[in-house]
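# Residue-level structure breakdown
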Amino acid sequence: MRIFFISPTSSQPRFHKRAKLLNSYIPVSIFAFQRGLYEENTFPEDLDFTKLGKIKDGNYFDRLKNILIAIKKIRKHKRIYRNEELIFYALSLDSLLIAKMSGIKKGFYEIGDLRFLRDKINLFSIIEALLVRSINGVVVTSPSFIGLVKPKKFYKSKTPFYLIENKVINTLKRPKIINEELSNKSKIRIGLIGFLRYRLPILRIVSFLDANKDLYELHCWGDGAIKSLIKDSRNESIFYYGSFKNPDDLEKIYSSVDLNFTVYGGDPSSEIGVRHALPNKYYESAFFHVPIICRSNTKVAEKSLQKGIGFEVDIHSQESFNHDMLAITRNKITAATRNCFDVSNDEIYDDSKIIIESMLRENDFIE
């Protein structure tokens, strides 16, 4: 048996972690597109890897062309493994479509982000619903995704759902020493870490720094289409370090900031996913004892406030954003830092091994 692991990008750490774990049970062959971002982050070198070509978001004609090319490449690889039973692990709707059109009948579909509505009939929801009916399981990364992906009035499949949250890899050691209380003489260091995808929150934080550069610093590690908003700033309190290797560089990064800026949204097409996602940054903040800043009225803000490890900000106007940011005082940051220690390791460390093994056993893919 062999798993054809089909990925929309080659640089997503969550995908690397998933492929490595699956390969510990069943040999994996990886097929992935390249997006020209986070090139330091790659799949393990010992895994069979095939490039599906470079793609960019937004052009649906090119997207269809890339899907057809990918199907051709995967069908060719199927001949190499014609003596093995093949199953797929697809990490996007495009990947699921590629797997099914390549003639691989069994497998799993993972949803890590919500890019379209499922409670209304549209092209994407129809394609997804039809494909999901004949697969072995759907994996989601946030608890509330399950109800959103399969609304009762539209979703007819009995395909099982599995929850694998994007937690911290269990090979990392959690720091034991708490940061000292923030000095009134030092600037508060805000970290912006990861994929630079959402324009509005970054515009808000840059404008806030421009008005408060004597009190705050913004330190950015990441890559993305809008990195120029950070990189080209002339504010001496804004620093850009480029992309980084995950998880190798995480401890060094988090140890150099006081707050983790994890504010997403502003793009109407992504709003439902932003409101309901529990991103890896939530778990990393608790793990490294760095309080998180979240967008208001989101699941991650609700959970962060409940645990006392974070704060919420409103991005609808610069005035409301600045007001909420200034309300995050040094004493509140110190208290939230201490509260991070109350979040247990069991809540933070990756538990995907238990779930993946159960999925494979339930479908008789392993004994």
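What comes next is a walk through the structure. Everything numeric here is computed off the predicted structure, so don't read it as measured data.

### Notes on the sheet that holds strand β4 (residues 86-90)
Sheet strands line up and pair through hydrogen bonds in the backbone, either parallel or antiparallel. One open sheet accounts for seven strands, arranged β3-β2-β1-β4-β5-β6-β7; its pairing is parallel. Of all the strands in the sheet, the pair left with one neighbour each is β3 (48-54) and β7 (161-163). Taken over all neighbouring pairs, the strand axes of this sheet differ in orientation by 20° on average, direction set aside. The sheet contact formed by strand β6 (residues 137-140) and β7 spans three bridges and is parallel. Across the sheet, V139 pairs through a bridge with Y162, a residue of β7.

### Brief notes about the side chain of D223
Here D223 lies in strand β9 (residues 216-223). Excluding residues within four positions of it along the chain, D223 makes contact with G36, L37, Y38, G194, F195, L196, Y240 and S243.

### Quick look at the nonpolar core
One finds L96, I98, Y109 and V138 to be the most contacted residues of the largest nonpolar core, which totals 33 residues. With sequence-adjacent residues up to four places away left out, V138 is seen in contact with Y109, I111, V132, T159, P160, F161 and Y162. By size, the runner-up hydrophobic cluster in this structure holds 28 residues, among which are I190, L218, V313 and I333.

### Section: the pattern of salt bridges
Within this structure, the stated rule accounts for 17 salt bridges. Between R18 and E110 there is a salt bridge, and its shortest N-O distance comes to 2.8 Å. Separated by 92 residues along the polypeptide, R18 in helix α1 (residues 13-23) and E110 in strand β5 (residues 106-111) bring together distant segments of the chain. The structure contains a network of salt bridges with shared partners spanning R14, R18 and E110.

Parameters and conventions
- Residues numbered from 1 in each chain as written.
- Predicted model: local features only at pLDDT ≥ 70, side-chain atom pairs only at ≥ 80, totals over all residues.
- Heavy atoms only, no water.
- Pairing = 2+ DSSP bridges.
- Helix = DSSP H or I, 4+ residues; strand = E, 2+ residues; numbered from the N terminus.
- Axes fitted to C-alpha atoms, helices over the stretch in contact; angles between N-to-C directions.
- Contact = heavy atoms within 4.5 Å.
- Core = buried A, V, L, I, M, F, W, Y, C linked by side-chain atoms within 4.5 Å.
- Buried < 20%, exposed > 50% of the residue type's maximum accessible area, 1.4 Å probe, protein only.
- Salt bridge = Lys/Arg side-chain N within 4 Å of Asp/Glu carboxyl O.

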